[in-house]
Amino acid sequence: MAVENLVTLSDPRSAAAEAFRSLRTNLMFSSVENPIQTLLVTSPARENQKSSALANLAVTYAQSGNRTILVDADLRQPRQHQIWGIDNARGLTSMMVDDSALDDPPLSTTQVDNLQVLSTGKLPPNPADMFSGKRMEEIVATLSDRADYVLFDSPPVLAATDAALLGIKLDGALLVVRAGDTRRDHTAQARQALERVHVRIIGAVLVNAPRESTIAY
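Draft legend 1. Quick peek at the overall build of the chain. Counting its secondary structure elements, the chain contains 10 helices and seven strands. For the chain, whose C-alpha radius of gyration is 17 Å, the value lies close to the compact-globule estimate of 17 Å for 217 residues. For the chain, the C-alpha atoms occupy an extent of roughly 65 × 40 × 35 Å along the three principal directions. Of the contacts made within the chain by residues no fewer than 6 positions apart, 80% connect residues no fewer than 24 positions apart.

Written out as C-alpha cells, the structure is:
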C-alpha cells in the first residue's frame, strides 16, 4: 500500500471513498456531549488493513478542513511511513525520550492539505512500556493542542497490550474488522479486552466487504 493507492485520493468519487467520508461524519457527530478529538484505530488480531483504513479516514478528516495529525503508534509493525513515503528516523519514540521533540514534534507534511503524519521513529525493545507512563499523556496533550483531530494507529488488541494501554488515554477506539478474515470470537475478545480497562469503544468498521451484485431490470 502506498499513498497513490489510497481510495480517498485515487478515486474520491467511488463508493468506498464515500464510505470513509460517512464514517468520518458518524465519528465526528457520534457524541456531542463527549466529542472525539483523539481516536485509536486498531484491529482484533491481525493487521486487517487497519493502517490503510486509518490513512483513508485521516484524508477525509483533513479534506473537510480539519487540522489532522495521524500518529503511527504501532511500535511493532509500523506501516504509516511506508504508506506516506516519509522518513522514519524520528517520530513518536523521539517525543518519548527527547524533550526538544516533545516541544517541537517531528511531524511530516503530506500532499493532503491539513494532514500531518507522526511516524513511529526508532522501534523500542519493549513497546508496551512506552505507553504506560505519563509521558504518553503529555504527548497526546501536545498533539491535541496542534490539531483538531489526532488519529492513532496501534497494534492489534490481541497481539499486545499496547492498544489497551494507549486507548485509555484517548477519547475512543474504533475496531477495523476484515470481512471473510477476522474471526468473530477474536472480535468479541478484543472488545472485552478494551472494555476491561474502560476504553470507550465507538464501534467497528468492516473492510474488504464484497460488493453486492448489480441486477439490471
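Draft legend 2. Layout of the sheet that holds strand β2 (residues 68–72). One open sheet holds the seven strands; their spatial order is β3-β4-β2-β5-β1-β6-β7, and the pairing between them is mixed. If you trace the sheet from one side to the other, it starts and ends with β3 (108–109) and β7 (201–207), each paired once. Here strand β1 (residues 38–42) pairs with strand β6 (residues 172–178) via four bridges, running parallel. Counted as the bridge partner of Leu40 is Ala173 from β6. Sheet contacts for helix α3 (residues 50–63): β1, β2, β4 (115–118), β5 (149–153), β6 and β7; angle to β5, the most-contacted strand, approximately 170°.

Draft legend 3. The arrangement of helix α10 (residues 184–196) in detail. With 13 residues, α10 should cover 18 Å at 1.5 Å per step; its first-to-last C-alpha distance of 18 Å lies within 8% of that length. Of the surrounding secondary structure, the elements contacted by the buried residues of α10 are α9 (162–167), β6 and β7.

Draft legend 4. Fine view of the pairing of β5. When you tally the buried positions in β5, you get five out of five residues, the bulk of the element. Residue alternation in β5 divides its side chains into two sets, Tyr149, Leu151 and Asp153 and Val150 and Phe152, and both sets are buried. The pairing of β1 with β5 spans four bridges and is classified as parallel. What sits directly across from Val41, in β5, is Asp153. Bridge analysis of β2 against β5 gives five bridges, and the strand direction is parallel. Bridging across to β5, Asp72 finds its partner in Asp153.

Draft legend 5. Molecular detail of the side chain of Thr120. As for its placement among the helices and strands, Thr120 is situated in the loop between β4 and α7 (127–132). On the accessibility criterion, Thr120 (0% relative accessible area) is buried.

Rules behind the numbers
Residues numbered from 1 in each chain as written. Predicted model: local features only at pLDDT ≥ 70, side-chain atom pairs only at ≥ 80, totals over all residues. Heavy atoms only, no water. Helix = DSSP H or I, 4+ residues; strand = E, 2+ residues; numbered from the N terminus. Rg over C-alpha atoms; globule rule 2.2 N^0.38 Å. Contact = heavy atoms within 4.5 Å. Pairing = 2+ DSSP bridges. Axes fitted to C-alpha atoms, helices over the stretch in contact; angles between N-to-C directions. Expected span 1.5 Å × (residues − 1). Buried < 20%, exposed > 50% of the residue type's maximum accessible area, 1.4 Å probe, protein only.

Shape is all these values report; function is a separate question.
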